[in-house]
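Breakdown of the fold
Chain by chain, the residues run as shown.
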Amino acid sequence: MPSQEVFNWLRTRFFPHIWCPGCGHGIIMHSMLRALVALKLDKSQTVIASGIGCSSRMAGYIDACTMHTTHGRSLAFATGIKLAKPELTVIDVMGDGDCTAIGGNHFIHACRRNIDITAIVMNNNIYGMTGGQASPTTPAGSMATTTPFGAIDPSFDICKLAEGAGASYVARSTVANPIQAEKFIINGIKNKGFSVVEILTHCHTTFGRKNNRRTPIDNINFFRKNSVPLARAKDMSEEELAGKIVTGEFVNKNTPEYTEQYLALIENVRGK
Ligand SMILES: Cc1ncc(C[n+]2csc(CCOP(=O)(O)OP(=O)(O)O)c2C)c(N)n1
Ligand code: SF4
Ligand SMILES: [Mg+2]
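Notes on the structure in this doc start here. (Residues numbered from 1 in each chain as written. Chains lettered and ligands numbered in written order. Predicted model: local features only at pLDDT ≥ 70, side-chain atom pairs only at ≥ 80, totals over all residues. Heavy atoms only, no water.)

Turning our attention to the overall build of the protein chain. Counting its regular elements, the protein chain contains 13 helices and 10 strands. Against the 2.2 N^0.38 benchmark of 19 Å for 272 residues, the protein chain shows a C-alpha radius of gyration of 18 Å, consistent with a compact globule. A principal-axis box enclosing the C-alpha atoms of the protein chain has dimensions of 65 × 45 × 35 Å. Considering the protein chain as a whole, with its 272 residues, one finds that 51% of them fall into the buried category. Considering only contacts in the protein chain between residues 6 or more positions apart, those separated by 24 or more positions represent 68%. Entry remark: accessible area of the protein chain is about 12,600 Å², with carbon and sulfur atoms responsible for 56%. Across the protein chain, the 28 positively charged side chains and the 22 negatively charged ones have centroids separated by 4 Å. (Helix = DSSP H or I, 4+ residues; strand = E, 2+ residues; numbered from the N terminus. Rg over C-alpha atoms; globule rule 2.2 N^0.38 Å. Buried < 20%, exposed > 50% of the residue type's maximum accessible area, 1.4 Å probe, protein only. Contact = heavy atoms within 4.5 Å. Areas by Shrake-Rupley, 256 points an atom, 1.4 Å probe, with all protein chains shown as cover. Lys, Arg positive; Asp, Glu negative; His and termini not counted. Charge placed at Lys NZ, Arg CZ, Asp CG, Glu CD.)

Here it is, written out as structure tokens:
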């Protein structure tokens, strides 16, 4: 049962929510709400941006300064807000399609700039909202409405992509470990720079139905069985890691943050 403090961050006037019963996105929203409570954030100073997708509905349900923007473009909106008001805490909740397909360009450049925004990527390996088309994270061999004989495209590793592009905090968890997900969200928000928290979740309605994970619990069991903590993964071979989900904090480093550099540049230019 959520605590009263968690309830205080909800816009219950928009309930019942649109998510299918048992959708993993609700587990992530609860982790997120607990993180907001733990960090004692002020609603009037907290911005939550989202694109379009089942995952992106989260911005509507949280009682903060929220923006439900366009599919794939939420990081552009979030970047504008952070640059205009760097004192705000800016969080961007995205789906895997939102983040890595149509929004892929915004994502790599936000990583590159290391702007102080926390991206929560709710990766269910599919376009859930539009009926189950393959996304760039659909594992090769998986069934989707657009890959009726199995996907042949290799899938993105979101954490490796974020690390390679320059994000200063990168972590992965799953909905089978919501306490760990909460911890990573907290650490991501605390990090002064671009933070990527990928949380593996499930769309049992579209992906699960076609890939032998029909119920929410089938998916939770799948994540439990196939997750490998980073410390253990380091001693495993590539063959042993095939099909596994490596969880943990991959990057946590101190690198110059974009808005600070931008403001310093303005000061410099004005002083000349
Ligand atoms: C510009 C634009 N292109 C396409 C769409 C259609 N569309 C809406 S949600 C979505 C995919 C959602 O997938 P994902 O981001 O993974 O979120 P999920 O629903 O799986 O949580 C698409 C293609 C749109 N709304 N706007
Ligand atoms: S379609 Fe999938 S992602 Fe969307 S609410 Fe239903 S289970 Fe969740
Ligand atoms: Mg998705």
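Before going further, it helps to examine a nonpolar patch on the surface. Together, Ile18, Ile52 and Met129 line one region of the surface with nonpolar side chains, adding up to about 260 Å² of accessible area. Inspection of the secondary structure puts Ile52 in the loop between strand 1 (46-50) and helix 3 (58-61). (Patch = residues over 30% accessible without salt bridge, like charges linked within 9 Å, V, L, I, M, F, W, Y side chains within 5 Å. Salt bridge = Lys/Arg side-chain N within 4 Å of Asp/Glu carboxyl O.)

For strand 3 (residues 89-95), the buried fraction is high: six of the seven residues fall into the buried class. In this structure, strand 3 lies alongside strand 4 (residues 118-123), joined through five bridges in parallel fashion. Bridge pairing in strand 4 links Ile91 to Thr118. (Pairing = 2+ DSSP bridges.)

What follows covers the site of ligand 1. Close to ligand 1 lie 17 residues, the nearest being Cys54, Ser55, Gly97, Asp98 and Gly128. Measuring from an oxygen atom of ligand 1, one finds a backbone N or O atom of Gly97 at 2.9 Å. The pocket occupied by ligand 1, as judged from atoms lying within 2 Å of grid points, is the second largest pocket. Where the shell around ligand 1 is concerned, the elements lending two or more residues are helix 5 (96-102) and strand 5 (126-127). With four residues, helix 5 is the largest single contributor of residues to the shell around ligand 1. In the shell around ligand 1, the residues fall into six nonpolar, nine polar and two charged. (Near = heavy atom within 4 Å. Polar contact = N/O pair within 3.5 Å; in protein donor to acceptor, adjacent residues only side chain to side chain. 1 Å grid on protein atoms, 1.4 Å probe; cavity = no way out; pocket = protein on both sides within 12 Å on 5 of 7 lines; lining within 4 Å. Sits in = over half its atoms within 2 Å of the grid points. Nonpolar A, V, L, I, M, F, W, Y, C, P; charged D, E, K, R; others polar.)

Right, let's get into the layout of surface pockets. Over the atoms, a rolled probe matching the size of one water molecule traces out where space is still vacant. Counted as a void, the largest pocket has a volume near 970 Å³. If you trace the largest pocket, you find 32 residues lining it, with Asp157, Arg172, Gly243, Lys244 and Ile245 closest to the centre. Looking at the lining of the largest pocket, the elements that each hand over two or more residues are helix 7 (158-165), strand 8 (195-200), helix 10 (216-226), helix 11 (230-233), helix 12 (238-241) and strand 10 (245-252). With four residues, the top contributor of residues to the lining of the largest pocket is helix 7. Considered class by class, the residues forming the lining of the largest pocket number 16 nonpolar, eight polar and eight charged. The space that makes up the second largest pocket amounts to roughly 210 Å³. (Points joined across faces, edges and corners; volume = space filled by probe spheres on them.)

Turning our eyes to something else, we now look at the site of ligand 2. Close to ligand 2 lie Trp19, Cys20, Cys23, His25, Cys54, Asn124, Gly128, Cys203, His204 and Thr205, which account for all nearby residues. Per-class residue counts for the shell around ligand 2 are five nonpolar, five polar and no charged.

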